[in-house]
Amino acid sequence: MENQNTIVININGNRFNFVKGDTILDVARQNNIEIPTLCHLKGTLPTGNCRVCVVEIAGEQDLTISCETKAAAGMIVQTESSRVVASRKQTIKKMLSMGNHNCAVRAPHEESWTQYQLKVQGEDNSPELCPAWGDCRLQDLAYYYQVSGSDYSNVQTLYSMEMANPFIIRDFSRCILCGRCVKACNEIQVNDAIEFGYDGDRKKIVAGDDKPLKDSDCVFCGECVQVCPVGALVPKDARFDRQWESKKVRSTCSYCGVGCQIDFHVKNNRIIKITGAEDTAPNDGSLCVKGRFGFNFVHSQDRLTTPLIKENGKFREASWDEALDLTSKRLSEIKDQYGADTIGVLTSARVTNEDNYAAMKFTRAVLKTNNIDHCARL
Amino acid sequence: MTNTIGDVEEADVILVTGSNTTENHPVLSAFVKRAVKFKNAKMIVVDPRQIKLTKFAEQWLRPNLGTDVAWINGLMHVIISENLHNKEFIEKRTTDFEKLKSMVEKFTPDYVEKITGIPAQQIIDAARLYAKAKAGAILYCMGITQHTTGTDNVKSLANLAMLCGNLGIAGGGVNPLRGQNNVQGACDMGGLPNVFTAYQPVTDEAARKRMEDAWGVTGLSEKNGLTVTKMVPMAHDGEIKAMYIIGENPLVSDPDLNHAEKSFGNLDFLVVQDIFMTETAQIADVILPSACFAEKEGTFSNTERRVQRVRKAVEAPGAAWDDWKITSEIAKRMGYPMAYKNAREIFEEIMKVTPSYAGITYDRIDREGLHWPCPSQEHPGTPILHTEQFTRGKGVFHAIDYISPAEQVDEEYPLYLTTGRVLYHYHTGTMTRRTEGLNERAPESFVEISAEDAKKFGIEDGSMITVASRRGEIKVRTKISDMVDIGTVFIPFHYAEAAANKLTNAALDPVSNIPEYKVCAIKLSGTA
C-alpha cells in the first residue's frame, strides 16, 4: 500500500517509513530499535567520534556510523550483526584501556589487577572505585557486550587531575575523548570555553590554551559534567556519591525567572547534587552555575530554625504559639488603634504561588487593607 | 513574556536591551546565542555596558544611561520614514498610529545621536535590521524598567514591536525577563497593591464581590494600596505603623538604604518571615522561620507564564514551617480561619478565583508546566499571547516624549553610576553568599571603571576607594574594565557590606513606582 512518496528503510528485517533528513539512528530510535551511542548528544551536530553506533549496510564494505549517516530509501541495515558486534567490542575495549577505568569490567583475575588498582587509587587519592561507577555509559556497554580491558597494558596517565576550582573535577585519566563536553559547551550553552587540543596520543580537552578552568572562559554551568558519559568530569562536592544511594526529586530552580526544571539528588535528608531535568521545557537539561552548584544555603548552619522574639534589643527563642500570638495581637492592636491602612505586607517573589496567595488573602480578607506588594521592582 | 523561551530560537532578529542575559538569565542566554550561532538570527544589543552578548551581536548600540525612549523613538522614526512599518498589522490590530507618527517625527537619527550618543548611522542600520525581520523578538530586563521613565521605556518597546507587526507571532514578541523565580507568580497571585489574582482590579466592585463571596468576608478595601516604594517613606513619616515582611530583604535591595533603614526602624511593629537572619530580620520585633523551596510543595510561575511544580526534597530545619502555614496561623488567631491541609488545597482555591489559572491542576503539570492563560481543563495553555487580539482589543500606540533621568552629573558628582548583578550571585546574596564555591568565584564587591576615568581621577586598578552619592557612601575595590563607558561606573548590588543601594536614587517612575537604580550621580575619592 506504499505510495510513491513514502520512503522506506529496512532495519533488522523490518520496513520503516522515515522523513528525509533523518539519520539511521533517528529512524532506529523512533522505532524503538536500540543502537548504542556514546558521543552522540541531542541538540548538537553528530561527529561520529566514538564509532560505537556503527551498523552494517548491505552492499557497503565498511561499517557505517549511524548517528551521522542519513537514512536512504531502500537501505538494508543490520544493527547487531556479528561484524557490528565485533567492531563495537573492539571500540569499547580500546576505550577501557585508555585510562583509569578501575571498575569491575577489568578482568579481576588479571595478575596486574592489584597493581593497577593501587596505581589508580594513588592518582585518585582515594580508596574508592571510579566516581562514575554504576552510572557510566562505558561501563554499561562493557557489561552489555561482555568486554574487559585486560588485553591492553596500562597506559600512563599523561595529564594529572584538575581540582583547582570549587565545582568541577577534571580527571583526564578517565576521559575517552568522546567530545560530548565540547559539544555541550559550544553548541548547547555556547560558552565556547573548551575544545580538543594537541594531537595523536596527547589529545586532550583543553580550556583556552590549556588553562585550568578557573582561569579560562568557563562559567561553571556544569553542562559538561552532566553530559560526560564516564568519570572524567564529576561534581567536586559529590565526587563519590553513588547514584543508587540517593533518590531523585523533580522540582523548579529557585533563582531567576527562567524556571529551569531540576532534579534534586537526596541522600539522608540532604541535597547532595542537582542536575538539569532532561527532555522537558524550558531548559532541557541545561542549568547555570547557581542552579547547579548554588544549593549549599539549604543546609546552612545559619538557617533560622525557631521563632525569635526581640526583648530589650535582643532576640530570644520562642515557641510558635508565643510568636504567633504576639504577632496577631500586635497587628490587631495597630489595626484597631490606627486603622488597617497603617499596616503593610511585603509578600515575596521567592516563595510559591500558594504562599503568595495565602499572604494576599490574609492582607485583604483579614487585615482589610490593599497594602501588599513585593520586590518586583527591586 | 508574550512568547516562550524556546520561541527565541524562531526569531530572525533578536533585540536585547537592558538585559545582561548571560549573567542574569544564563540558560535563556543559551537560546539567544544558539539562535545567532546556529540559526542565522541577527542580534542587536542596546546596552551601555559591553556585556558578553555584544560578542554575538550584529550591532551593538551603546546609549547614554537613561536615554531609552530616545533611541526607540529614533528607530521608529527611521522605520516610518523609510516606509518599513507593517501597515496591515497597524490597520487591523492597533489605534493611534498617527499620534505616534507625529511624536517620533522630531526623533531624527541626528537628534537621537545628540541625546543618546549612539551614532546616527547605527540608529538607521538597527531600524532597518529590526523592521525587515520576518519575526523580530525583543528581550528586555531591569535596564529598561529601573528608571524614572521605566513605564515609558516599556511602552516604547511595545510601540516598536506593534509598528513592525512583531506581536502574536512565533519568534516575535515583547519579552521581559523576570529576575526572580516567582515574580510572575507573585504578581499573578495579586501580591500587588491594586489587583487581586489574575490582575482583577481591587477598585472593581464586581471583582471585590467575587472575592468576598469566595472568601466569605465583607468589607474588602476598595482603594488601591501602597507599593513598597511608597510604604517606606510613609513608615519614615509614621503613617505606616507595622509591616509583615515575607522572604524579602529590603535593607539591601531598596534604593537609598540609609533612608530606608531609618524608615523601618521607625515602625511600631515589624515581623519578618525568612529562612535567614537577613539585614532586615535583624531589626524585626518577631522573626518567623520558614521552609525554603527545597522543603515544600507548591508551584512557581516562570517568566514565560509557565506554571511549574515545586516539590519537597528534604525536611525543613528545626521548627521552620511553610510560609502559607505561618500566614494561615496568624489569620486564625486574628479571627479568620485559613485551615488548609496542604499546598494542593490552596492551589485548588487559586483555580477557582483566578480565571487565567482555572484550567491548571497539579495533575496536569505533573510532568511539564502549562502557560497561562489556561481557562479550562481542556485548554492546552497559551504559549504565545495576542495571536488574535490584544487583551483590551486593539493595541494602542502611545506617543511618548523623551525625559532625562532624575539625577544628572555635575561638578561635585561628575560620574554616573549604574547597578546590576554578577553571574555568581543572586540579589542580596542571602543564598549565594552562603555557597563557598560561588563566593570563591566572586568574593567581594567592585566598581568597574574605564581606564580613561581611572587615569583622570588618579585611581589604580585593585585599590580600595570611596564612592559617594548625595545619599551615602561605600568603600569598594576598583576594577579597571572596558565593560563600562567613559563617564560611567558599575557596581553590583549583592554585597551588604558595600551596598550599592546606599548610593542609588529613590526617585520613582510615576506609574510603576519603580526606583531609578540604573542612573545616579556619584564621585570617587582616594584610598579608603
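Residues numbered from 1 in each chain as written. Chains lettered and ligands numbered in written order. Predicted model: local features only at pLDDT ≥ 70, side-chain atom pairs only at ≥ 80, totals over all residues. Heavy atoms only, no water.

**What to know about the overall build of chain A**
And step 1. If you tally the helices and strands in chain A, you get 9 helices and 16 strands.
And step 2. Over its C-alpha trace chain A gives a radius of gyration of 28 Å, far above what one expects of a compact globule, namely 21 Å for 378 residues.
And step 3. Counting only C-alpha atoms and orienting by the principal axes, one finds that chain A spans roughly 95 × 65 × 40 Å.
And step 4. When the 378 residues of chain A are sorted by exposure, 60% land in the buried category.
And step 5. Contacts spanning at least 24 positions in sequence make up 57% of the contacts within chain A whose residues lie at least 6 apart.
And step 6. Put simply, chain A shows about 16100 Å² of open surface, and 47% of that area lies on carbon and sulfur atoms. (Helix = DSSP H or I, 4+ residues; strand = E, 2+ residues; numbered from the N terminus. Rg over C-alpha atoms; globule rule 2.2 N^0.38 Å. Buried < 20%, exposed > 50% of the residue type's maximum accessible area, 1.4 Å probe, protein only. Contact = heavy atoms within 4.5 Å. Areas by Shrake-Rupley, 256 points an atom, 1.4 Å probe, with all protein chains shown as cover.)

**A look at the pattern of salt bridges**
And step 1. Per the counting criterion, the structure on display carries 54 salt bridges over all chains.
And step 2. The partner of Arg83 of chain A in a salt bridge is Glu56 of chain A, and the shortest N-O contact between them spans 3.4 Å. With Arg83 of chain A in helix H2 (residues 82-96) and Glu56 of chain A in strand E3 (residues 54-57), this pair connects stretches of sequence that are 27 residues apart.
And step 3. Across the pair Arg208 of chain B and Glu222 of chain B runs a salt bridge whose closest N-O atoms are separated by 3.9 Å. Taken together, the residues span a long stretch of sequence, with Arg208 of chain B in helix H11 (residues 205-215) and Glu222 of chain B in the loop between H11 and helix H12 (228-236) at a distance of 14 residues.
And step 4. You can call Glu222 of chain B exposed: its relative accessible area is 56%.
And step 5. One salt-bridge network, in which partners are shared between bridges, spans Asp321 and Asp325 of chain A together with Glu329, Lys332 and Arg333 of chain B. (Salt bridge = Lys/Arg side-chain N within 4 Å of Asp/Glu carboxyl O.)

**With respect to the sheet that holds strand E3 (residues 59-61) of chain B**
Strands belonging to one sheet form pairs held by backbone hydrogen bonds; the direction of such a pair is parallel or antiparallel.
Residues and elements named next belong to chain B.
And step 1. Read across the sheet, 5 strands follow the order E3-E2-E1-E5-E6 without closing on themselves; strand pairing throughout is parallel. In the strand order of this sheet, the two ends are held by E3 and strand E6 (174-176), each with one partner. Across the sheet, the axes of successive neighbouring strands diverge by a mean angle of 15°, strand direction being ignored.
And step 2. Note: strand E1 (residues 13-17) against strand E5 (residues 136-140), 5 bridges, orientation parallel. In the sheet register, Val13 faces E5, and the bridge partner there is Gly136.
And step 3. Helix H9 (residues 150-163) rests against E1, E5 and E6 of the sheet, and its axis sits at about 175° to E5. (Pairing = 2+ DSSP bridges. Axes fitted to C-alpha atoms, helices over the stretch in contact; angles between N-to-C directions.)

**Focus: the environment of Gly179 of chain B**
And step 1. Relative to the helices and strands, Gly179 of chain B resides in the loop between E6 and helix H10 (183-188).
And step 2. Look at Gly179 of chain B and you get buried, because its relative accessible area is 16%.
And step 3. Separated by 106 residues in the primary sequence, Gly179 of chain B and Asp285 of chain B place their C-alpha atoms 30 Å from one another.
And step 4. Apart from the residues within four sequence positions on either side, Gly179 of chain B is in contact with Tyr255, Cys256 and Gly257 of chain A together with His25, Arg421 and Tyr426 of chain B.

**Things to note about the sheet that holds strand E11 (residues 261-267) of chain A**
All names here are of chain A.
And step 1. Strand order in this open sheet of 3 strands is E10-E11-E12, and the pairing throughout is antiparallel. Either end of the sheet is taken by a strand with one partner, and the two such strands are strand E10 (247-252) and strand E12 (270-276). The sheet shows a mean angle of 30° between the axes of neighbouring strands, direction not considered.
And step 2. Looking at chain direction, E10 and E11 are connected through 6 bridges and run antiparallel. Looking at E11, one finds that Lys247 is bridged to Val266.

No statement about biological role is implied by the geometric values presented.
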